[in-house]
Amino acid sequence: MQKTTINWTSAIFLCLTPPTAIVLTIVHLMSEGWNWSIWILAFIMYALTAMSITGGYHRYFAHRTYEAKTWVKWLWALFGAAAFQNSILIWARDHRIHHRFVDSDIDPYSINKGFFYAHLGWMLVNETPGVPQGPYERDLKRDGVVMFQHKYYLLIATLMGFGLPTLVGHFLGSALGGLAVAGFLRMVALHHMTFFINSWCHYFGRQTYTDKNTARDSLTMAVATFGEGYHNFHHIFAQDYRNGVRWYHWDPTKWLIQLLRLLGGAHSLRRTPWSQIITLQVQMDEKRLRHKANRQWNMHLQVQADALRLRLESAIARFESLREEYRRLAANYSQASLDKLAELKLQRRLAKIEFKAALEQWRAYKTFVLKTAQT
């Protein structure tokens, strides 16, 4: 049985920083007026600290979805500390336990304990760990950057989170504005946008790929958190460096990681094969169709669904296989293999056409079933 006590340090900090941010911002505006440069500074600080959490704490340290050079790790460690969401060691460890035991009593911020608990309440209490923490932090403790940040976390967080914006604000005409808006107000806003991933994205939204846990995809939260809102995808494909898997999905964090790769700061970006993504998405589509069609769902519709699903899964698997074969051959080809490359390129193009046709047929089938269910 878990023993619960109040975490007074965390409780006082999380309860006092919002009114402090509001009061300091009001004092700044009333005494110094509106200063656009201060608000631009706040946005820049928000972006830097937010993506140090999303791209650093989360996608790199917690899930190792790519490999990073040391200078990138220091970037994540310094600006991530300024988010005041604890050290990398504690944040990543707790998040790994959340994924391993999602929605259970062991989940540090289980939504089953209530929206408020998942959002904020879990940080206001101390609970006896329900699982050994060693296996979830062993590799982190071997990382010099992680342990240095953990040891000097409060100093780094204070200097980067409050000292830096105050100093820059001074040169922009208002040290108070830098502290109030780019320091406190920015930090509080980022806190709750991040916390909403644990609450909102386990309560509202669409279960696109799986309904075996409470995680949901939310475009609203994706915009607010630089791409973290595609949470249903993330919980089933946690080792993918992307959360927004489509090219048009709003996921600035994946674009930043891609930029770091171009700059030589990141490599070995891990991606989930499209065959796995499509397979789970189609399975969830079929579940929703059965539910909406209700009594109108019959053996004929089931046979059609099975045939279309198999065609789609076969088409995407063939396309992926040909694409990988082409890449391997193109990476180490000789003059004698040029004909083979041309042949594979044509086969890959035809397989892509087949996949798109199968996908369109599946979409048409979904539309037909939904219209039939409404009549």
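Use the structure listed above.
These numbers were taken from a predicted model, which means no experiment stands behind them.

Cut-offs used in this document
- Residues numbered from 1 in each chain as written.
- Predicted model: local features only at pLDDT ≥ 70, side-chain atom pairs only at ≥ 80, totals over all residues.
- Heavy atoms only, no water.
- Helix = DSSP H or I, 4+ residues; strand = E, 2+ residues; numbered from the N terminus.
- Buried < 20%, exposed > 50% of the residue type's maximum accessible area, 1.4 Å probe, protein only.
- Contact = heavy atoms within 4.5 Å.
- Areas by Shrake-Rupley, 256 points an atom, 1.4 Å probe, with all protein chains shown as cover.
- Core = buried A, V, L, I, M, F, W, Y, C linked by side-chain atoms within 4.5 Å.
- Expected span 1.5 Å × (residues − 1).
- Bend = angle between axes of the 7 residues up to and from the residue.
- Patch = residues over 30% accessible without salt bridge, like charges linked within 9 Å, V, L, I, M, F, W, Y side chains within 5 Å.
- Salt bridge = Lys/Arg side-chain N within 4 Å of Asp/Glu carboxyl O.
- Phe/Tyr/Trp six-rings, centres within 6.5 Å; stacked < 30°, edge-to-face > 60°.
- Lys NZ or Arg CZ within 6 Å of the ring centre and 35° of its normal.
- Axes fitted to C-alpha atoms, helices over the stretch in contact; angles between N-to-C directions.
- Left-handed = near helix turned anticlockwise from the far one by under 90°.
- Nonpolar A, V, L, I, M, F, W, Y, C, P; charged D, E, K, R; others polar.

Chemist: Where do I start with the overall build of the protein chain in this structure?
Modeler: Scanning the protein chain from terminus to terminus reveals 15 helices and four strands. Taken over the C-alpha atoms alone, the protein chain extends approximately 70 × 60 × 45 Å along its principal axes. The buried share of the protein chain, taken over its 375 residues, is 50%. Taking all contacts inside the protein chain whose residues are at least 6 apart in sequence as the whole, residues at least 24 apart take part in 71%. Split by element, the accessible area of the protein chain, about 19,000 Å² in all, is 63% carbon and sulfur.

Chemist: Any chance you could explain the environment of asparagine 86 here in plain terms?
Modeler: Mapped onto the fold, asparagine 86 is located in the loop between helix H3 (70-81) and helix H4 (88-100). Note: C-alpha distance between asparagine 86 and threonine 210 (124 residues apart in sequence) is 30 Å. Setting aside its immediate chain neighbours within four residues, asparagine 86 contacts Tyr57 and Tyr153.

Chemist: Where do I start with unusual backbone geometry in this structure?
Modeler: Peptide bonds are mostly trans, and most non-glycine residues show a negative phi. With a phi close to 70°, aspartate 103 is a non-glycine residue in the positive phi region. By the secondary structure assignment, aspartate 103 is in the loop between H4 and helix H5 (115-119). Residues other than glycine seldom take positive phi values, yet phenylalanine 226 does so here, at roughly 60°. Structurally, the position occupied by phenylalanine 226 is in the loop between helix H10 (219-224) and helix H11 (231-236). Residue phenylalanine 226 is classed as buried on the basis of its relative accessible area, which comes to 11%.

Chemist: Is there a simple way to think about the nonpolar core in this case?
Modeler: Across soluble globular proteins, nonpolar side chains show a tendency to be buried alongside one another. By size, the foremost hydrophobic cluster in this structure holds 49 residues, and its most contacted members are Phe61, Tyr66 and Trp76. The element contributing the most residues to this core is helix H2 (residues 36-62), with 13 residues. In this view, tryptophan 76 contacts Met51, Ser52, Gly55, Gly56, Tyr57, Tyr60, Phe61, Tyr66, Ala81, Leu256 and Leu260; residues no more than four positions away in its chain are not counted. The next biggest cluster of nonpolar side chains, apart from the first, holds 29 residues, and it includes Ile277, Ile278, Tyr326 and Tyr365.

Chemist: When you look at the environment of alanine 175 in this model, what are you seeing that I'm missing?
Modeler: Looking at the element boundaries, alanine 175 is found in helix H9 (residues 175-198). Sequence spacing of alanine 175 and tyrosine 136 is 39 residues, and the spatial spacing of their C-alpha atoms is 41 Å. Leaving out residues up to four positions away in the same chain, alanine 175 has contacts with Thr166, Gly169 and His170.

Chemist: Sorry if this is basic, but what is going on with H2 here?
Modeler: Along its 27 residues, H2 runs 36 Å from first to last C-alpha, staying within 8% of the 39 Å computed at 1.5 Å per residue. Of all the bends in H2, the greatest measures close to 25° and is centred on serine 52. With respect to burial, H2 is a largely interior element, 20 of its 27 residues being buried. Following H2 by one or two positions, arginine 64 has its phi on the positive side, about 50°.

Chemist: Honestly, a nonpolar patch on the surface in this entry has me stumped. Any pointers?
Modeler: There is a patch of nonpolar side chains on the surface, built from Leu29, Trp34, Trp36, Ile40, Phe43, Ile44 and Leu48 and spanning about 750 Å² of accessible area. The element that contributes the greatest number of residues to the nonpolar patch is H2, accounting for five residues. Relative to the elements of secondary structure, leucine 29 occurs in helix H1 (residues 8-32).

Chemist: Hey, could you run me through helix H12 (residues 252-262) in this one?
Modeler: In an α-helix, one turn spans 3.6 residues, which is why side chains three or four residues apart end up on the same side. Listing the buried residues of H12 in full gives Pro252, Thr253, Lys254, Ile257 and Leu260. If you follow the buried residues of H12, they end up packed against H2, H3 and strand S4 (266-267). Within two residues after H12, glycine 264 carries a phi angle of roughly 85°, on the positive side.

Chemist: Please clarify how the pattern of salt bridges should be interpreted in this entry.
Modeler: Any two side chains of opposite charge can pair, given that their charged atoms come close. Enumeration over the complete set of coordinates arrives at 21 salt bridges. A salt bridge links aspartate 139 to arginine 96, with the shortest nitrogen-to-oxygen separation between them at 2.7 Å. Remark: arginine 96 occurs in helix H4 and aspartate 139 occurs in helix H6 (residues 138-141); sequence separation between them is 43 residues. Residue class for aspartate 139 comes out partly exposed when judged on its relative accessible area of 23%. The partner of aspartate 211 in a salt bridge is lysine 287, with the nearest N and O atoms 3.1 Å apart. On the criterion of sequence distance, the pair formed by aspartate 211 in the loop between H9 and H10 and lysine 287 in helix H13 (residues 274-293) is long-range, its members being 76 residues apart. Residue aspartate 211 is classed as partly exposed on the basis of its relative accessible area, which comes to 36%. Here lysine 287 falls in the partly exposed class, since its relative accessible area comes to 44%. When salt bridges that share partners are traced, they join Glu286, Arg290, Asp306, Arg309 and Glu313 into one network.

Chemist: Is there a simple way to explain the packing of aromatic side chains in this structure?
Modeler: The relation between two aromatic rings is expressed through the spacing of the ring centres and the mutual angle of the planes. Inspection of every chain in the model, using the stated rule, returns 24 aromatic pairs. Seen in terms of ring centroids, tryptophan 34 and tryptophan 39 are 4.8 Å apart; in terms of plane orientation they differ by 5°. Their pairing is stacked. When the ring of phenylalanine 148 is compared with that of tyrosine 152, the centres are 4.9 Å apart and the planes differ by 50°; the resulting orientation is tilted. Linked through ring pairs, Phe115, Phe196, Trp200, Tyr203 and Phe204 together constitute an aromatic cluster. Directly above the aromatic system of tyrosine 60 lies the positively charged group of arginine 64, at a separation of 4.8 Å from the ring centroid.

Chemist: Looking at this structure, how should I read the packing of H2 against H4?
Modeler: Packed helices, taken two at a time, are described by their axes: the angle between them and the distance between them. In the contact formed by H2 and H4, the axes pass within 9 Å of each other and the chain directions differ by 65°. Our pair here, H2 against H4, has a crossing hand that is right-handed. Touching Ile53, Tyr57, His58, Phe61 and Ala62 of H2 are Ile88, Trp91, Ala92, His95 and Arg96, all from H4. Along the lines of polarity and charge, the residues of the contact of H2 with H4 split into seven nonpolar, two polar and one charged.

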